[in-house]
Amino acid sequence: MNKENDLGQTSQLLHLAERKVLYQNQVPLHQRPKINGSKDAEHILRSNWGENMELLEEFNVLFLSRASHVKGMLRLSRGGLTGTVADPRILFAAALKGLATGIIVAHNHPSGCHTPSNQDIELTKKIKAVGQVHHIPLLDHIILAPHSSYYSFADEGTL
């Protein structure tokens, strides 16, 4: 379809793909798990992580309500043995669409060491800054080691 612009020139109108936002809530929010601290988040994350915690690095996000009930979880990325890409644009697009009022991000270290790397620290700062712009605070960043140990940026005061 052609359209004439203000200068009398003809331009092509593009047909763009439509994106739909679908929010289905099968379980009332008050019946969903509530996060009271890093231990609650760690338990929910581990129970929903998948089977490859010792093999592949993943980055997941918990979306929370104002009352800290879990609205949902997004597997943002899955990588290799030593890394994965966590794009804040995709993370916050999902958080905004899901009407999250807070987020907890998490990734695993297949090596078993839960100490944050410099890249983990920089990514946390970036996500926190983007969250402040959108009024969706980053409440914690948890690094899971296979089996039992974890690191919580919030608990350690490094958030």
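Please refer to the structure higher up on the page.
Reading the values: rules and limits
- All residue numbers here refer to positions counted from 1 along the written sequence of the relevant chain.
- Side-chain atom pairs in this predicted model are given and counted only at pLDDT of 80 or more, local residue features only at pLDDT of at least 70, and totals for whole chains, interfaces and linings cover all residues.
- Where side-chain values are given, they derive from all heavy atoms of the structure, hydrogens and water being excluded.
- Ring pairs shown here join Phe, Tyr and Trp side chains whose ring centres sit within 6.5 Å, with only the six-membered ring taken for Trp; geometry is labelled stacked below 30 degrees between planes, edge-to-face above 60, and tilted in between.
- Accessibility here uses a 1.4 Å probe with only protein chains present; expressed as a share of the type maximum, an area under 20% marks a residue as buried, one over 50% as exposed, and anything in between as partly exposed.
- In this analysis, axes come from line fits to C-alpha atoms, helices being fitted only over the stretch in contact, and the angle between any two N-to-C directions falls in the range 0 to 180 degrees.
- Segments assigned H or I by DSSP are reported as helices when at least four residues long, segments assigned E as strands when at least two residues long, and all are numbered from the N terminus.
- By the definition used in this description, the sense in which the near helix is turned from the far one sets the handedness, with an anticlockwise turn below a right angle giving left-handed and a clockwise turn giving right-handed.
- Pairs of residues are marked as contacts when any of their non-hydrogen atoms sit within 4.5 Å.
- We call Asp, Glu, Lys and Arg charged. Ala, Val, Leu, Ile, Met, Phe, Trp, Tyr, Cys and Pro are nonpolar, and the rest, Gly among them, are polar.
- Being paired, for any two strands, means DSSP has found at least two bridges between them.
- Distance and chemistry together define a polar contact, namely a pair of N or O atoms within 3.5 Å, with one atom able to donate a hydrogen and the other to accept it when in protein, and with adjacent residues in sequence counting only for side-chain atoms on both sides.

## A word on the packing of aromatic side chains
Here the structure, examined in full by the defined rule, presents 1 aromatic pair. Centre to centre, the rings of Y151 and F153 are 5.2 Å apart; their planes meet at 85°, and the pair counts as edge-to-face. Overall, the relative accessible area of 1% leaves F153 in the buried class.

## A few points about the packing of helix α2 (residues 88-97) against helix α3 (residues 118-134)
Between α2 and α3, whose axes approach to 11 Å, the crossing angle comes to 35°. Note that α2 runs across α3; the crossing there is right-handed. In this structure, α2 uses P88, L91, F92 and L96 to contact α3, whose residues at the interface are L123, K126, I127, V130, G131 and H134. When its residues are assigned to classes, the contact of α2 with α3 shows 7 nonpolar, 2 polar and 1 charged.

## Considerations on the sheet that holds strand β4 (residues 70-78)
Spatial strand order, β4-β3-β5-β6-β7: 5 strands in an open sheet with mixed pairing. Only two strands of the sheet have a single neighbouring strand rather than two, namely β4 and β7 (150-152). This sheet shows a mean twist of 20° between the axes of neighbouring strands, independent of strand direction. Examined bridge by bridge, strand β3 (residues 58-64) and β4 share 7 bridges and lie antiparallel to one another. Residue pairing across strands places F63 opposite G72, the latter belonging to β4. Strand contacts of α3: β3, β5 (102-108) and β6 (138-144), with the helix running at about 155° to β6, the strand carrying the most contacts.

## Quick notes on the pairing of β5
Extensive coverage of β5 is indicated by the burial of 7 of its 7 residues. Residues G102, I104, A106 and N108 point to one face of β5 and I103, V105 and H107 to the other, with burial holding for every one of them. Judged from the 6 bridges that link them, β3 and β5 form a sheet pairing that is antiparallel. Note on β5: the bridge partner recorded for N60 is A106.

## So, the environment of K71
Looking at the element boundaries, K71 is found in strand β4. By relative accessible area, K71 is classed as buried at 17%. In terms of polar contacts, K71 uses its side chain to reach the backbone carbonyl oxygen of G98, at 3.1 Å.

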